[in-house]
Amino acid sequence: QVQLVESGGGLVQAGGSLRLSCAASGRTFSGYTMGWFRQAPGKEREFVAAIRWSGGNTYYANSVKGRFTISRDNAKSTVYLQMNSLKPEDTAVYYCAADPSGRVLQYNYWGQGTQVTVSS
């Protein structure tokens, strides 16, 4: 059973930084794609970034490109989302996701989410 546990959310001022972590367990994740999504109040969940566990190819939404960086630590089975130059519109619950099929925008497994609030 795949388990994904997010951490690192919190309250930060605009222009600040946060690093989210997603601890993955229950599988060997080579071949998986790992992703980050977010959902703001009253809005649909949206794609933020993804990384292929093998090879490390990365993908980003246009809204975060150049500000956010996704990475993974194979030894710790952990995926990170470094978020810099945060804006109030980045406020959302951030979810970690995993998919064994290599898809970038569709995922089988989801974490519970971590709240990120950016104050102006």
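## Considerations on the overall build of the chain
Point 1. For the chain, the helix and strand inventory stands at 0 helices and 11 strands.
Point 2. Walking the chain from its N terminus toward its C terminus, one meets helices and strands in the order β-β-β-β-β-β-β-β-β-β-β.
Point 3. Computed over C-alpha atoms, the radius of gyration of the chain comes to 13 Å, within 12% of the 14 Å expected from 2.2 N^0.38 for 120 residues, which places it in the range of a compact globule.
Point 4. The 120 residues of the chain split such that 43% are buried.
Point 5. Expressed as a percentage of contacts within the chain between residues at least 6 apart in sequence, the contacts between residues at least 24 apart total 55%.
Point 6. Total accessible area on the chain is roughly 6000 Å²; 44% of this is exposed by carbon and sulfur atoms.
Point 7. Each charge sign in the chain was given a centre, from 12 positive and 7 negative side chains, and these centres are 5 Å apart.

## So, the packing of aromatic side chains
Point 1. Summed over the entire model, instances satisfying the criterion amount to 6 aromatic pairs.
Point 2. With a centroid separation of 5.7 Å and 35 degrees between ring planes, the pair formed by Phe29 and Trp53 is classed as tilted. Taken as a pair, Phe29 in the loop between strand S3 (18–25) and strand S4 (33–39) and Trp53 in the loop between strand S5 (46–52) and strand S6 (58–60) lie far apart in primary sequence, 24 residues in all. Summarising the burial analysis for this pair, Phe29 and Trp53 share the class buried.
Point 3. Their ring planes at 80 degrees and their centres at 5.4 Å tell us that Phe37 and Tyr107 sit as a pair that is edge-to-face. One end of the pair, Phe37, is in strand S4; the other, Tyr107, is in the loop between strand S9 (92–99) and strand S10 (109–110), and 70 residues separate them in sequence.
Point 4. Assessed through its relative accessible area of 6%, Phe37 is described here as buried.
Point 5. Three or more aromatic residues joined by ring pairs make a cluster, and in this case those are Phe37, Phe47, Tyr107 and Trp110.
Point 6. Over the ring of Tyr95 we find Arg45; its NZ or CZ atom is 5.4 Å from the centre of that ring.
Point 7. Across from the ring centre of Trp110, 3.8 Å away, lies the NZ or CZ of Arg45, which sits over that ring.

The rules we used
- Residues numbered from 1 in each chain as written.
- Predicted model: local features only at pLDDT ≥ 70, side-chain atom pairs only at ≥ 80, totals over all residues.
- Heavy atoms only, no water.
- Helix = DSSP H or I, 4+ residues; strand = E, 2+ residues; numbered from the N terminus.
- Rg over C-alpha atoms; globule rule 2.2 N^0.38 Å.
- Buried < 20%, exposed > 50% of the residue type's maximum accessible area, 1.4 Å probe, protein only.
- Contact = heavy atoms within 4.5 Å.
- Areas by Shrake-Rupley, 256 points an atom, 1.4 Å probe, with all protein chains shown as cover.
- Lys, Arg positive; Asp, Glu negative; His and termini not counted.
- Charge placed at Lys NZ, Arg CZ, Asp CG, Glu CD.
- Phe/Tyr/Trp six-rings, centres within 6.5 Å; stacked < 30°, edge-to-face > 60°.
- Lys NZ or Arg CZ within 6 Å of the ring centre and 35° of its normal.

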